[in-house]
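# A structural walkthrough
Read off the chains here:
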Amino acid sequence: MELTVFWSGIGSSDILREARAARFPALRRPTEATAPIRQRSVPTLWVNRLPPRCKEHPNEWPSTVATLDGRLSLRHHRPGSLLDHEEDLYHMTDGIMENLTPLVGMAGQLAILDRTEAITRDVLHDAARYLDLPSEDGR
């Protein structure tokens, strides 16, 4: 029996390349031949919490949200509109990519299902409640 695993998200192509190179050394790039491959049973990418927008870190969180915004393909999505919700997104996800990516993905799916095809504050909060993340009602 074969198993197919699908990874998506930030860093997924690097994770898969590393896993394949560890399993099939002939696939390693010449520059990677001398680099040790970390031994793990399941390739994992650890991502620390991103800081909120502040004087010391003015661009990290907004540029992350902008990157996700640029990849949305909803019919009525206005480019850059996800940045209108950056504070809500930070509150809901605590700056953790493990929460942000599924939240935006779920919001996109809900926007398709309700036929608005645009991510609004209400859709984000519905998605947060569905994923058991903090939302406007404090849960």
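For the structure, see preceding data.
Below or above, wherever it landed, is the structure these notes cover. (Residues numbered from 1 in each chain as written. Predicted model: local features only at pLDDT ≥ 70, side-chain atom pairs only at ≥ 80, totals over all residues. Heavy atoms only, no water.)

Packed helix pairs are specified by the crossing angle of their axes together with the interaxial distance, meaning the distance between the axes. Relative to each other, helix α4 (residues 97–113) and helix α5 (residues 121–130) sit at 115 degrees, their axes nearing to 8 Å. The hand of the α4/α5 crossing is right-handed. Contact residues: Leu103, Met106, Ala107, Leu110 and Ala111 in α4; Val123, Leu124, Asp126, Ala127, Ala128 and Tyr130 in α5. Here the residues of the contact of α4 with α5 are counted per class, giving 10 nonpolar, no polar and one charged. (Axes fitted to C-alpha atoms, helices over the stretch in contact; angles between N-to-C directions. Helix = DSSP H or I, 4+ residues; strand = E, 2+ residues; numbered from the N terminus. Left-handed = near helix turned anticlockwise from the far one by under 90°. Contact = heavy atoms within 4.5 Å. Nonpolar A, V, L, I, M, F, W, Y, C, P; charged D, E, K, R; others polar.)

This part is about α5. Where α5 is concerned, the buried positions are Val123, Leu124, His125, Ala127 and Ala128. Check the buried side of α5 and you find it contacts α3 (86–93) and α4. After α5 finishes, the residue Asp132 shows a positive phi value of roughly 60 degrees. (Buried < 20%, exposed > 50% of the residue type's maximum accessible area, 1.4 Å probe, protein only.)

So, about the packing of aromatic side chains. Scanning the model with the defined rule gives one aromatic pair in all. Arranged with centres 4.8 Å apart and planes meeting at 85 degrees, the rings of Trp61 and Tyr90 form a pair that is edge-to-face. Of this pair, Trp61 sits in helix α2 (residues 60–70) while Tyr90 is found in helix α3, placing the two residues 29 residues apart along the sequence. Residue Trp61 shares its accessibility class with Tyr90, and that shared class is buried. (Phe/Tyr/Trp six-rings, centres within 6.5 Å; stacked < 30°, edge-to-face > 60°.)

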